[in-house]
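Each chain, letter by letter, is given below.
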Amino acid sequence: MTYVPKGSAAEGPYALELDPKRSGLVYSALRVVDIEPGATHSFATGESEWIVLPLTGGCTVHAEDEIIELLGRQSVFSGVSDFAYVPRDAHIQIASGAGGRFALAGAKCERRLPARYGSAPEVSVEQRGSGTCTREVRNFASADAFDCDRLIAVEVITPGGNWSSYPPHKHDEHRPGAEAELEEIYYFEIEAAPDGGPEGFGYQRVFPSRPGGTDVLAEVRTGDAVLVPDGWHGPSIAQPGHSMYYLNVMAGPGEEREWRICFHPDHTEGYR
């Protein structure tokens, strides 16, 4: 399973559940849950650390003795959200008075760090690339922005008609100082047309970095995901007129939590 169409990995309360037991990945996990107004969702973190990230709406996260209020946002296209980090070996409850949709980004880990709040104003937002490869990267839990044991997570907004995750790059080998071994999950949402027209779409490419490696070209829509256990990935292409959002969740076996990537030698690096 590499391309995961919306609904194909639904399980219980989750619209999307990509845990290692289902996805084939070892370290990275992603769940998406819709919570009705006034309802709650509870889960055990198990051997993984998690970030509760509002996609739409706000919530209150109860993590043992900690209560974390998240204002959230109207949609992933309306701006950065605050978020909550919760540790392994804990029981978590998420309550939402107005209801909403929430991503749970996880990684199998060893250290048990404290539950804590991530403030939206403190999220580093950068414009990456140039020309038709310009995109917005929200580094809410990048390796150098927020302390986790193994989890790395960022959001990307690609304007309609633009390419992102370009040049193609990979991070499937441990090469000290040059490349870190990281699995990755892409979760997509596509901005609706303002006139209520047809649903938008995008494309995601992953191609082998070794014989028999991952090879997929997927047309993606809201609620879809693509798994990157290995291989070159990119570009991510947004349909003209429809901005594309994706959430990247990464984790790997390295002793150091770091994001080091290798660009494909056959593609220009001028747009990265």
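The structure under discussion appears in the preceding block.
Residues numbered from 1 in each chain as written. Predicted model: local features only at pLDDT ≥ 70, side-chain atom pairs only at ≥ 80, totals over all residues. Heavy atoms only, no water.

A.B. asks: Hey, could you run me through the overall build of the protein chain in this one?
C.D. replies: Helices and strands together make up the secondary structure of the protein chain, namely one helix and 22 strands. Relative to the compact-globule value of 19 Å for 272 residues, the protein chain shows a C-alpha radius of gyration of 18 Å, a close match. Oriented by its inertia axes, the alpha-carbon framework of the protein chain measures out at about 50 × 50 × 35 Å. Relative to its full complement of 272 residues, the protein chain shows a buried share of 54%. Considering only contacts within the protein chain whose residues lie at least 6 apart along the sequence, 72% involve residues at least 24 apart. When the accessible surface of the protein chain is totalled, it reaches about 11400 Å², and 49% of it is carbon and sulfur. In the protein chain, which carries 23 positive and 40 negative side-chain charges, the distance between the mean positions of the two groups comes to 2 Å. (Helix = DSSP H or I, 4+ residues; strand = E, 2+ residues; numbered from the N terminus. Rg over C-alpha atoms; globule rule 2.2 N^0.38 Å. Buried < 20%, exposed > 50% of the residue type's maximum accessible area, 1.4 Å probe, protein only. Contact = heavy atoms within 4.5 Å. Areas by Shrake-Rupley, 256 points an atom, 1.4 Å probe, with all protein chains shown as cover. Lys, Arg positive; Asp, Glu negative; His and termini not counted. Charge placed at Lys NZ, Arg CZ, Asp CG, Glu CD.)

A.B. asks: Is there a simple way to explain the environment of Glu-69 in this structure?
C.D. replies: By the element assignment, Glu-69 lies in strand β6 (residues 66-73). We classify Glu-69 as exposed; its relative accessible area is 51%. Beyond its immediate chain neighbours, meaning those up to four positions away, Glu-69 contacts Cys-59, Thr-60, Asp-82 and Tyr-117.

A.B. asks: Please explain the pairing of strand β18 (residues 216-220) as it appears in this structure.
C.D. replies: Walk down a regular strand and you will see the side chains alternate between the two sheet faces. Where burial is concerned, the two faces of β18 differ: the one with Val-216, Ala-218 and Val-220 is buried and the one with Leu-217 and Glu-219 is not. Sheet analysis places strand β17 (residues 202-207) next to β18, joined by five bridges and oriented antiparallel. By the bridge assignment for β18, Arg-205 is matched with Leu-217. (Pairing = 2+ DSSP bridges.)

A.B. asks: Got a minute to help me understand the packing of aromatic side chains in this structure?
C.D. replies: To describe a pair of aromatic rings, you give the distance between the ring centres and the angle between the ring planes. This structure, assessed with the given rule, holds nine aromatic pairs. Relative to Trp-50, the ring of Phe-43 has its centre 6.0 Å away and its plane inclined at 80 degrees; by these criteria the two rings are edge-to-face. Its relative accessible area of 2% is what places Trp-50 among the buried residues. When the ring of Trp-163 is compared with that of Tyr-166, the centres are 5.3 Å apart and the planes differ by 80 degrees; the resulting orientation is edge-to-face. Since its relative accessible area comes to 13%, Tyr-166 is described here as buried. (Phe/Tyr/Trp six-rings, centres within 6.5 Å; stacked < 30°, edge-to-face > 60°.)

A.B. asks: Got a minute to help me understand the sheet that holds strand β21 (residues 244-251) in this structure?
C.D. replies: Pairing between the strands of a sheet comes from backbone hydrogen bonds, and it takes one of two forms, parallel or antiparallel. Reading across from one edge, β1-β19-β16-β21-β13-β12-β11 is the order of the seven strands in this open sheet, with antiparallel pairing throughout. Looking along the sheet, the strands with just one partner apiece sit at the ends: β1 (3-4) and β11 (124-128). Strand direction decides the pairing type here: strand β16 (residues 183-190) and β21, joined by eight bridges, are antiparallel. Counterpart to Glu-183 in the pairing with β21 is Ala-251.

A.B. asks: Help me understand the nonpolar core, please; the structure alone is not making it clear to me.
C.D. replies: Soluble globular proteins tend to pack their nonpolar side chains together in the buried interior. Ranked by internal contacts, the top residues of the largest apolar core, which has 33 residues, are Leu-16, Ile-51, Phe-140 and Leu-247. A per-element tally of this core places β21 first, with four residues. For Leu-16, the contacting residues outside a window of four places in its chain are Val-4, Ala-9, Ala-10, Leu-30, Arg-31, Val-32, Tyr-187 and Ala-225. By size, the runner-up hydrophobic cluster in this structure holds 20 residues, among which are Ala-29, Phe-43, Ala-63 and Leu-104. (Core = buried A, V, L, I, M, F, W, Y, C linked by side-chain atoms within 4.5 Å.)

A.B. asks: Help me out: how do you make sense of unusual backbone geometry in this one?
C.D. replies: Negative phi values dominate among residues other than glycine, just as trans dominates among peptide bonds. With an omega of 0 degrees, the peptide bond between Tyr-166 and Pro-167 qualifies as cis. Relative to the helices and strands, Pro-167 is located in the loop between β14 (163-164) and β15 (169-170). Omega for the bond connecting Gly-234 with Pro-235 falls within 30 degrees of zero, at 5 degrees, which places this linkage in the cis form. Relative to the elements of secondary structure, Pro-235 occurs in strand β20 (residues 232-238).

A.B. asks: Please clarify how the environment of Pro-159 should be interpreted in this entry.
C.D. replies: Structurally, Pro-159 can be placed in the loop between β13 (152-158) and β14. Classification of Pro-159 by relative accessible area gives partly exposed; the value is 31%. The sequence separation of Pro-159 and His-242 amounts to 83 residues, and the corresponding C-alpha distance is 7.0 Å.

A.B. asks: It is not clear to me how the state of the cysteines should be interpreted in this structure. Could you clarify?
C.D. replies: Working definition: the covalent bond between the sulfur atoms of two cysteines is a disulfide. According to the stated counting rule, one finds zero disulfides in the structure shown. Of all cysteine sulfurs, the one in Cys-109 lies closest to Cys-148, which takes part in no disulfide; the gap is 9.0 Å. Here Cys-148 falls in the buried class, since its relative accessible area comes to 2%. (Disulfide = S-S within 2.5 Å.)

A.B. asks: Got a minute to help me understand the pairing of β21 in this structure?
C.D. replies: In terms of burial, β21 is a largely internal element, eight of the eight residues being buried. Alternating positions in β21 separate into two faces, Met-244, Tyr-246, Asn-248 and Met-250 on one and Tyr-245, Leu-247, Val-249 and Ala-251 on the other, with burial throughout. Both β13 and β21 contribute to a ladder of seven bridges, which runs antiparallel. Paired with Ile-157 across the two strands is Tyr-245, which belongs to β21.

Honestly, that's just the spatial picture; any functional story needs more than this.
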